[in-house]
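Structural description and commentary
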Amino acid sequence: MPPVINEDKCIKCGLCAKYCAEDVFFGTRVKEYPTVAYPEECTHCNSCVEECPEGAVSLRIPFPMMLLYRPEWPKSGQ
Amino acid sequence: MGTRLEDLGMVHETDVLILGSGAAGCGAALAASEAGVRAMLVDKGKLESSGCLGGGNDHFMAVLNTGPENDSTQAAVDFFSGPVSGFSPAMIRQWVEVMPRMIRSLEDIGVEFIRNPDGTYLRTEGFGQPGNWWINIENGHRIKRRLGRRIRALGVDVVDNVMVTRLLTAGGRAAGALGYDIRDGTFHIFRAKAVVMALGNSANRATTNSTGNPFNTWHSPFNTGSQYVLAFDAGARLINLDVRQQATLIPKGFGCAGMNGINSSGAHELNALGERFMGRYHPGMENGPRREQIQATCQEQVIGNGPPFHMDMRHIDPDTLNHLQYVLMPGDKATFLDYCGQRGIDFAKYKMEVELSEIEFSGMIDCDDSFETSLPGLFNGCVFSTFSGSSCSGYIAARSASASFVAHPGLAEVDSQLAASERERVLRPLAVEGGLSSGRFETAIRQVMNYYMGYVRNAAGMETALDRLALIDSRKDTLSAATYHELMRANEARHLLAICRLVTLATLERKESGRSIYRRSDYPEKEKAFARVLCVENDNGSPRLQWL
Ligand SMILES: Cc1cc2nc3c(=O)[nH]c(=O)nc-3n(C[C@H](O)[C@H](O)[C@H](O)COP(=O)(O)OP(=O)(O)OC[C@H]3O[C@@H](n4cnc5c(N)ncnc54)[C@H](O)[C@@H]3O)c2cc1C
Ligand code: SF4
Ligand code: SF4
């Protein structure tokens with residue numbers, strides 16, 4: 001579930017990159033928007049989402065997990 | 001003049017060096033700090049998010065001696081010690097003794113273990129265990145953040161983002177480790193009086209689930225066998241590489257744990273024909289030992305009764321299901337609800353499709369009752385598995401390590417020539433142009449392991465696997481890395497290859513089925529004669545296998 005950064009919310013604090021155990025944000029520079037350098041290596045541990053002070057990170061489900069997606073099913077929790 | 005250590009990189013000195021800052025490393029840090037010794041915690045990730053606990057855990061296993069026979073130390077000893085477990089009764093007793101202490105430490109930092117109205121812990125059963133040994137955790141996803149903060153506050157020295165690539169020995173004792181910073185390549189030299197190995201029991205990325213993505217795994221894909229490879233290289237004896245291989249069922253395409261909660265809530269596993277087939281394989285049905293459910297599902301798949309496989313939970317009471325889906329499962333992996341949302345999963349209304357996970361290789365560094373390995377000064381912090389097993393093992397190992405160096409109070413000299421050649425070796429892929437990328441190298445290993453070391457194996461296949469892995473090994477020096485990130489993956493891939501060779505060799509030796517998650521088609525029965533532990537030792541660079 002590679003992270004997607006909402007640049008409108010991001011304040012370039014770098015915490016997501018600092019906390020990612022998989023180093024998915026490799027190459028992210030101080031005071032710049034984080035780079036999702038190795039999206040396919042994300043293990044969706046949620047650390048970057050947890051750490052982001054601005055709620056600017058969301059995780060998206062990659063294609064292989066989606067293959068059997070059935071849009072007509074109701075969403076859970078409803 | 002010889003190279004000075006300081007010219008090679010950063011030199012650190014400590015009493016107890018703890019390698020790995022997952023649950024085991026954290027348990028070790030707590031014990032070292034309690035013992036009042038200097039401790040240093042090293043990990044290639046960051047303490048607050050590293051390891052399998054990084055994204056959260058929702059259950060803690062605890063035998064609490066509350067009265068009933070099945071909640072006693074003896075029940076735990078009976079359950080965990082077997083001729084092939086590698087655990088002595090004394091080891092298990094220490095684990096049980098440390099459990100309440102670990103719970104207190106976790107409660108102190110705000111981890112909420114769920115309680116019944118009468119104040120006792122809410123506990124459930126699982127894994128075919130005789131008692132309700134699993135305490136549910138309410139706020140599981142931030143445990144690692146809390147532990148990290150506590151450990152730093154205790155004054156333990158923390159070194160994040162350093163990958164350990166070699167152990168140091170001197171005069172037949174462990175004396176430290178070498179590693180490098182995964183983000184900028186800085187070389188690190190650690191000198192210590194005792195070393196605790198807490199690099200995790202699981203070796204992942206050797207096979208994949210149906211998504212084909214080696215990072216979409218049950219346990220942390222960051223672990224590729226360093227725990228075993230470093231110990232083996234340094235001369236410590238390994239055991240159980242042949243039997244301690246693990247797998248689970250996962251929600252289809254979603255590498256995540258959680259089957260414990262699902263099974264213990266009373267879910268039924270159904271095959272493609274809609275049959276609840278477990279009864280044909282094990283009287284414990286879905287709540288028997290995990291390997292039985294894995295083997296049964298695999299067998300159903302082989303004969304064509306699946307995929308798909310489903311977990312049917314619709315008969316379970318709605319409150320239990322609601323708690324399971326919306327509290328416990330996201331406590332294990334917060335993204336579970338995103339997955340549910342996108343797949344339309346609702347435990348109360350629909351069956352959930354599941355699949356066999358990737359196979360995870362594992363084993364144990366052999367150790368005595370004080371968790372000291374066959375290499376003096378080197379302690380095994382990952383004797384037991386699970387959150388409880390790891391944190392308590394780390395604790396016991398560091399407690400012993402802290403007491404051990406009274407007799408060996410000094411720091412041993414480090415051979416700077418050896419450190420220089422290790423530095424050259426680990427950084428080499430950066431200098432190789434146009435060679436094999438770590439990705440391609442790893443894919444080659446996976447092709448071999450997926451094909452010949454899957455759920456059903458035989459001698460001819462495993463011999464072929466060993467040939468292929470040797471061929472891949474012969475290309476090791478052509479590994480090339482364009483960035484420091486790729487360099488880390490290259491060094492992980494080297495460990496992955498080494499552990500794959502060792503586990504294949506060990507499995508070939510065990511000519512029976514039924515003690516692990518795989519079946520040998522050439523030896524389908526469980527044999528009494530193999531109720532023994534197989535050990536692997538380093539004999540001048542080559543593995544030597546021996547039955548204990
Ligand atoms: C999503 C998920 C949910 C789980 N849920 C539960 C649960 O509810 N209850 C339960 O009991 N168990 C659960 N488990 C299992 C439990 O989390 C693990 O058994 C336990 O955390 C393992 O801890 P460890 O310290 O032994 O290993 P790990 O957590 O794997 O830690 C090993 C550490 O070593 C580091 N490392 C590895 N190699 C190197 C190297 N060469 N150099 C430097 N560092 C290195 C890694 O970065 C890692 O931080 C779950 C696991 C996962 C993944
Ligand atoms: S979810 Fe975890 S692995 Fe993925 S990018 Fe975020 S921190 Fe890294
Ligand atoms: S943590 Fe959030 S705000 Fe900070 S850099 Fe990352 S995305 Fe931006």
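Please refer to the structure higher up on the page.
This is a predicted model, so every value here is computed, not measured.

As a further point, take unusual backbone geometry. The residue after G306 of chain B, namely P307 of chain B, is reached through a cis peptide bond having omega 0°. Within the element layout of this structure, P307 of chain B appears in the loop between α8 (290-302) and β13 (309-312). With an omega of 5°, the peptide bond between P307 of chain B and P308 of chain B qualifies as cis. Positionally, P308 of chain B belongs in the loop between α8 and β13. Phi at H44 of chain A takes a positive value of approximately 40°, unusual for a residue other than glycine. Mapping H44 of chain A onto the fold places it in the loop between α1 (15-19) and α2 (47-51). For M285 of chain B, which is not glycine, the phi torsion reads 50° and is therefore positive. Considering the arrangement of structural elements, one finds M285 of chain B in the loop between β12 (268-270) and α8.

A few words on the interface of chain A and chain B. Contacts between chain A and chain B engage 33 residues on the former and 44 residues on the latter. The interface formed by chain A and chain B includes five salt bridges. At the boundary of chain A with chain B, the tally comes to 17 residue pairs in polar contact (both at pLDDT 80 or more). Sorting the residues of the side of chain A that touches chain B by element identifies α1, α2 and α3 (63-66) of chain A as the ones contributing at least two each. Among the residues making up the side of chain A that touches chain B, the classes are represented as 18 nonpolar, seven polar and eight charged.

Attention shifts here to helix α3 (residues 73-80) of chain B. Burial in α3 of chain B covers these residues: A75, A76, V77 and F80 of chain B. Lining the buried residues of α3 of chain B we find β3 (59-61) and α4 (89-108) of chain B.

In this section: the sheet that holds strand β11 (residues 249-251) of chain B. Residue and element names in this part refer to chain B. Pairing in this open sheet of four strands is antiparallel, and the strands run β11-β14-β13-β12 from one edge to the other. What marks the edges here is a single partner per strand, and that holds for β11 and β12. Neighbour to neighbour, the strand axes of the sheet diverge by 40° on average, direction disregarded. Both β12 and β13 contribute to a ladder of three bridges, which runs antiparallel. Bridge pairing in β13 places E269 opposite M311.

This part is about the environment of A32 of chain B. Residues and elements named next belong to chain B. Tracing the chain through its elements places A32 in helix α2 (residues 23-35). The spacing of A32 and F384 is 352 residues in sequence and 19 Å in space, taken between C-alpha atoms. Those residues in contact with A32, other than ones at most four positions away along the chain, are V37, A39, A398 and S402.

So, how was this worked out
- Residues numbered from 1 in each chain as written.
- Chains lettered and ligands numbered in written order.
- Predicted model: local features only at pLDDT ≥ 70, side-chain atom pairs only at ≥ 80, totals over all residues.
- Heavy atoms only, no water.
- Helix = DSSP H or I, 4+ residues; strand = E, 2+ residues; numbered from the N terminus.
- Contact = heavy atoms within 4.5 Å.
- Salt bridge = Lys/Arg side-chain N within 4 Å of Asp/Glu carboxyl O.
- Polar contact = N/O pair within 3.5 Å; in protein donor to acceptor, adjacent residues only side chain to side chain.
- Nonpolar A, V, L, I, M, F, W, Y, C, P; charged D, E, K, R; others polar.
- Buried < 20%, exposed > 50% of the residue type's maximum accessible area, 1.4 Å probe, protein only.
- Pairing = 2+ DSSP bridges.
- Axes fitted to C-alpha atoms, helices over the stretch in contact; angles between N-to-C directions.

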